[in-house]
Amino acid sequence: MLTVDFDRLRIGPGVRVIDVGCGAGRHSFEAYRRGADVVAFDQNVADLADVQVMFEAMAEAGESPDYAKAETVRGDALDLPYGDGEFDVVIASEILEHIPRDGQAVNELVRVLKPGGALAVTVPRWLPERICWALSDEYHANEGGHVRIYKADELREKICSRGVRHVRTEYAHALHAPYWWLKCAVGVSADKHPLVSAYHRMLVWDMMSAPPLTRVAERLLDPLIGKSVALYFTKPAVRLGGY
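Rules used throughout
- Residues numbered from 1 in each chain as written.
- Predicted model: local features only at pLDDT ≥ 70, side-chain atom pairs only at ≥ 80, totals over all residues.
- Heavy atoms only, no water.
- Patch = residues over 30% accessible without salt bridge, like charges linked within 9 Å, V, L, I, M, F, W, Y side chains within 5 Å.
- Areas by Shrake-Rupley, 256 points an atom, 1.4 Å probe, with all protein chains shown as cover.
- Salt bridge = Lys/Arg side-chain N within 4 Å of Asp/Glu carboxyl O.
- Helix = DSSP H or I, 4+ residues; strand = E, 2+ residues; numbered from the N terminus.
- Buried < 20%, exposed > 50% of the residue type's maximum accessible area, 1.4 Å probe, protein only.
- UniProt positions renumbered as here; feature names shortened; annotations may be inferred.
- Contact = heavy atoms within 4.5 Å.
- Phe/Tyr/Trp six-rings, centres within 6.5 Å; stacked < 30°, edge-to-face > 60°.
- Axes fitted to C-alpha atoms, helices over the stretch in contact; angles between N-to-C directions.
- Parallel < 35°, antiparallel > 145°, perpendicular 65-115°, else oblique.
- Left-handed = near helix turned anticlockwise from the far one by under 90°.

By the naming in an unreviewed UniProt entry, the chain goes by 3-demethylubiquinone-9 3-methyltransferase and is assigned to Nocardia otitidiscaviarum.

Here the focus is a nonpolar patch on the surface. On the surface, Met1, Val204, Met207 and Met208 cluster together to form a nonpolar patch covering roughly 410 Å² of accessible area. Tracing the sequence through the fold places Met208 in helix H8 (residues 194-209). Given the relative accessible area of 70%, Met208 is considered exposed.

Further remarks concern the UniProt feature "domain: Methyltransferase type" (unreviewed entry) in the chain. Feature annotation in UniProt assigns "domain: Methyltransferase type" (unreviewed entry) to the following positions: residues 18-120. Here residues 18-120 is 33% helix and 29% strand, with 11 Å between the C-alpha atoms at its ends.

On to the pattern of salt bridges. This model, assessed by the stated rule, comprises 17 salt bridges. The salt bridge involving Glu170 is made with Arg8; its shortest N-O contact spans 3.1 Å. Within this pair, whereas Glu170 is found in strand E6 (residues 165-172), its partner Arg8 is found in helix H1 (residues 6-9), the two being separated by 162 residues in sequence. Owing to a relative accessible area of 35%, Arg8 belongs among the partly exposed residues under this scheme. We note a salt bridge from Arg156 to Glu157, for which the minimum N-O separation is 3.3 Å. Connected via shared salt-bridge partners are Asp7, Glu30, Arg33 and Arg34.

Among the eight residues in helix H2 (residues 26-33), six count as buried, and that is most of the element. Within H2, burial applies to His27, Ser28, Phe29, Glu30, Ala31 and Tyr32. Phi turns positive, to about 95°, at Gly35, one or two residues after H2.

A few words now on the side chain of His27. Along the chain, His27 falls in helix H2. With residues up to four places along the chain from it excluded, the contact list for His27 reads Leu2, Thr3, Val4, Phe6, Asp19, Ile91 and Ser93.

This next bit is on the packing of aromatic side chains. Counted by the stated rule, this structure contains seven aromatic pairs. Ring centres 5.3 Å apart and planes at 80° place the aromatic pair Tyr32 and Phe55 in the edge-to-face group. Highlighted residues: Tyr32 in helix H2 and Phe55 in helix H3 (residues 45-60), separated in sequence by 23 residues. For the pair Tyr32 and Phe55, one class covers both residues: buried. Summarising the aromatic geometry, the rings of Tyr82 and Phe87 are spaced 5.0 Å apart at their centres and angled 85° between planes, so their arrangement reads as edge-to-face. Comparing Tyr82 with Phe87, the two get one shared label, buried.

In this section: the packing of H2 against H3. Packed helix pairs are specified by the crossing angle of their axes together with the interaxial distance, meaning the distance between the axes. Running from amino to carboxyl end, H2 crosses H3 at an angle of 25°, the nearest separation of the two axes being 11 Å. By the angle between their directions, the pair H2 and H3 is classed as roughly parallel. Our pair here, H2 against H3, has a crossing hand that is right-handed. Along its contact with H2, which presents Ser28, Phe29, Tyr32 and Arg33, the element H3 presents Val51, Met54, Phe55, Met58 and Ala59.

Below is the structure:
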């Protein structure tokens, strides 16, 4: 399930991409599939091991071009081990809400982005997230959980203040918002609850089959209750005034 629009980011052969906070690797896999030079970056050793296994399986199955490159790197998003302007595309999907010092993380995302490059940041959207917090402390008050709720305009301004230009805002995963509201209402860990289980089966069916009815429904609902907000930026290739 992708939150980032890869066509908008123009990710393809030869594009150098870093997926910061890659987690299970969903965006890294898509970039690799499209022929990019991918760094899957995270601090979780177990997640990175699983991502590496999938990279190797994709290569063996011919699901990525021979020229594509992919590697996993463990590290801290507050101190990325790369020089300035090393990446054509920087992705940070659903990580900033976990980081107490989010300003420093944003500094690093912008620093490693090449002039003329594209940055995509996604976070949980304010309204769906606020409902989850109101229904359940377990949802967010845990080790590594969400430490804040963003308003899209406030996050946009925070990122733009680091010297990038906002390009577009989009919303995604409206069908997932009610699922999380339901989980928060009955218990976040109550995966076997009949209603939770039934809704989960529907979501899996929707992701695997992509039926026209649910695809249209989600597109209509995304602006209203999309679970995630995606912000797209570009780093100016030339400073204003030529400096």
